[in-house]
Amino acid sequence: MKNKTLHNASLKNNCPTCYGADGLELNFTQAEKESPFFRKPAATIEHTLYCHTCKNQIFPVNWTEDIERVFDYNKKIAEANKQYLKVKPLFYLTVVTAIILVAAVVYFLIPTV
Ligand SMILES: [Zn+2]
(Lines give C-alpha, C1' and ligand atoms only; values in the text may rest on other atoms or scores of the structure.)
Protein backbone atom coordinates (compact mmCIF):
# COMPACT_ATOMS: atom_id res chain seq x y z
CA MET A 1 0.00 0.00 0.00
CA LYS A 2 1.24 3.46 -0.81
CA ASN A 3 -0.43 6.82 -0.56
CA LYS A 4 -0.98 8.98 -3.56
CA THR A 5 -1.56 12.71 -3.14
CA LEU A 6 -4.76 13.83 -4.84
CA HIS A 7 -4.83 17.44 -3.85
CA ASN A 8 -2.82 19.83 -1.76
CA ALA A 9 -3.80 23.29 -0.57
CA SER A 10 -2.26 26.00 1.57
CA LEU A 11 -4.97 27.58 3.69
CA LYS A 12 -5.16 31.22 4.65
CA ASN A 13 -7.07 30.33 7.80
CA ASN A 14 -5.74 30.81 11.30
CA CYS A 15 -4.36 27.73 12.98
CA PRO A 16 -6.57 26.72 15.97
CA THR A 17 -3.42 25.83 17.93
CA CYS A 18 -0.93 28.65 17.32
CA TYR A 19 -3.21 31.17 15.53
CA GLY A 20 -0.67 31.58 12.75
CA ALA A 21 -2.30 32.41 9.41
CA ASP A 22 0.26 31.07 6.95
CA GLY A 23 1.12 27.60 8.16
CA LEU A 24 -1.91 25.44 7.44
CA GLU A 25 -1.67 22.86 4.72
CA LEU A 26 -4.47 20.56 3.70
CA ASN A 27 -3.55 17.28 2.09
CA PHE A 28 -5.81 14.70 0.45
CA THR A 29 -4.41 11.26 -0.20
CA GLN A 30 -5.73 7.98 -1.47
CA ALA A 31 -4.17 4.65 -0.58
CA GLU A 32 -3.25 2.52 -3.54
CA LYS A 33 -2.61 -1.19 -3.81
CA GLU A 34 -0.31 -2.16 -6.64
CA SER A 35 0.03 -5.55 -8.27
CA PRO A 36 1.84 -6.49 -11.51
CA PHE A 37 -1.56 -6.46 -13.25
CA PHE A 38 -3.30 -3.39 -11.87
CA ARG A 39 -3.28 -0.45 -9.53
CA LYS A 40 -6.28 -0.49 -7.22
CA PRO A 41 -6.95 2.69 -5.24
CA ALA A 42 -8.90 2.61 -1.98
CA ALA A 43 -12.54 3.70 -2.09
CA THR A 44 -12.05 6.41 0.50
CA ILE A 45 -9.96 9.56 0.47
CA GLU A 46 -7.83 10.32 3.52
CA HIS A 47 -7.13 13.87 4.60
CA THR A 48 -4.75 15.59 6.96
CA LEU A 49 -4.51 19.20 8.07
CA TYR A 50 -1.02 20.12 9.14
CA CYS A 51 0.35 23.37 10.54
CA HIS A 52 3.91 24.12 9.47
CA THR A 53 4.18 26.97 11.97
CA CYS A 54 3.59 24.92 15.13
CA LYS A 55 4.37 21.54 13.53
CA ASN A 56 1.09 20.01 14.61
CA GLN A 57 -1.50 17.94 12.86
CA ILE A 58 -4.85 19.67 13.36
CA PHE A 59 -7.60 17.15 13.94
CA PRO A 60 -11.21 17.81 12.85
CA VAL A 61 -12.37 18.31 16.48
CA ASN A 62 -10.28 21.50 16.56
CA TRP A 63 -11.38 22.85 13.19
CA THR A 64 -13.14 26.18 13.05
CA GLU A 65 -16.18 26.78 10.84
CA ASP A 66 -13.98 28.62 8.37
CA ILE A 67 -11.59 25.70 8.10
CA GLU A 68 -14.54 23.34 7.56
CA ARG A 69 -15.84 25.53 4.74
CA VAL A 70 -12.42 25.62 3.01
CA PHE A 71 -12.08 21.90 3.63
CA ASP A 72 -15.42 21.15 1.90
CA TYR A 73 -14.36 23.23 -1.09
CA ASN A 74 -10.99 21.48 -1.40
CA LYS A 75 -12.53 18.07 -0.82
CA LYS A 76 -14.57 18.53 -4.00
CA ILE A 77 -11.35 19.17 -5.95
CA ALA A 78 -9.80 16.07 -4.38
CA GLU A 79 -12.89 14.00 -5.27
CA ALA A 80 -12.52 15.14 -8.88
CA ASN A 81 -8.94 13.84 -8.89
CA LYS A 82 -9.94 10.53 -7.35
CA GLN A 83 -8.17 7.53 -8.83
CA TYR A 84 -9.93 4.48 -10.13
CA LEU A 85 -8.79 0.99 -10.94
CA LYS A 86 -6.10 1.07 -13.59
CA VAL A 87 -5.19 -2.03 -15.51
CA LYS A 88 -1.57 -2.31 -16.55
CA PRO A 89 -0.27 -3.42 -20.01
CA LEU A 90 0.85 -6.74 -18.50
CA PHE A 91 -2.82 -7.51 -17.79
CA TYR A 92 -3.79 -7.10 -21.47
CA LEU A 93 -0.72 -9.07 -22.54
CA THR A 94 -1.77 -11.94 -20.26
CA VAL A 95 -5.36 -11.86 -21.54
CA VAL A 96 -4.24 -11.81 -25.20
CA THR A 97 -1.75 -14.64 -24.56
CA ALA A 98 -4.49 -16.68 -22.87
CA ILE A 99 -6.85 -16.14 -25.82
CA ILE A 100 -4.15 -17.19 -28.31
CA LEU A 101 -3.37 -20.29 -26.22
CA VAL A 102 -7.05 -21.30 -26.04
CA ALA A 103 -7.44 -20.68 -29.79
CA ALA A 104 -4.35 -22.81 -30.51
CA VAL A 105 -5.58 -25.65 -28.26
CA VAL A 106 -9.05 -25.58 -29.89
CA TYR A 107 -7.45 -25.47 -33.35
CA PHE A 108 -5.28 -28.55 -32.71
CA LEU A 109 -7.98 -30.49 -30.86
CA ILE A 110 -10.64 -30.20 -33.50
CA PRO A 111 -9.77 -32.62 -36.31
CA THR A 112 -9.65 -31.07 -39.74
CA VAL A 113 -12.05 -32.52 -42.25
ZN1 LIG B 1 -0.19 26.14 14.15
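Everything here concerns the structure above.
Bear in mind the structure is a predicted one, so any value in this text is a computation, not a measurement.

Considerations on the pairing of strand β2 (residues 24-34)
Counted residue by residue, β2 has eight buried out of eleven residues, so it is predominantly covered. Inspection of the sheet shows strand β1 (residues 2-10) paired to β2 by eight bridges, in the antiparallel sense. Note that in β2 the partner of His7 across the bridge is Phe28. The sheet contact formed by β2 and strand β4 (residues 46-51) spans six bridges and is antiparallel. Looking across to β4, one finds that Thr29 is bridged to Glu46. Here β2 runs beside strand β3 (residues 38-41); their pairing, made up of three bridges, is antiparallel. Following the sheet pairing, Glu34 is matched in β3 by Arg39. Taking the residues that link successive antiparallel strands as the turn, the β2-β3 hairpin has three residues.

Quick word on the coordination of the zinc ion
Here the zinc ion is held by the protein donor atoms Cys15 (SG), Cys18 (SG), Cys51 (SG) and Cys54 (SG), which lie 2.2 to 2.3 Å from it. Classification of the site at the zinc ion as tetrahedral follows from its four donor atoms and the range of 103 to 115 degrees in their angles at the metal. Relative accessible area serves as the criterion here: at 22%, Cys54 is assigned to the partly exposed category.

Rules and cut-offs
Residues numbered from 1 in each chain as written. Predicted model: local features only at pLDDT ≥ 70, side-chain atom pairs only at ≥ 80, totals over all residues. Heavy atoms only, no water. Buried < 20%, exposed > 50% of the residue type's maximum accessible area, 1.4 Å probe, protein only. Helix = DSSP H or I, 4+ residues; strand = E, 2+ residues; numbered from the N terminus. Pairing = 2+ DSSP bridges. Donors = N, O, S within 2.8 Å, 3.2 Å for Na, K, Ca; no water. Tetrahedral: all angles 85-135°; square planar, octahedral: opposite > 155°, others 65-115°.

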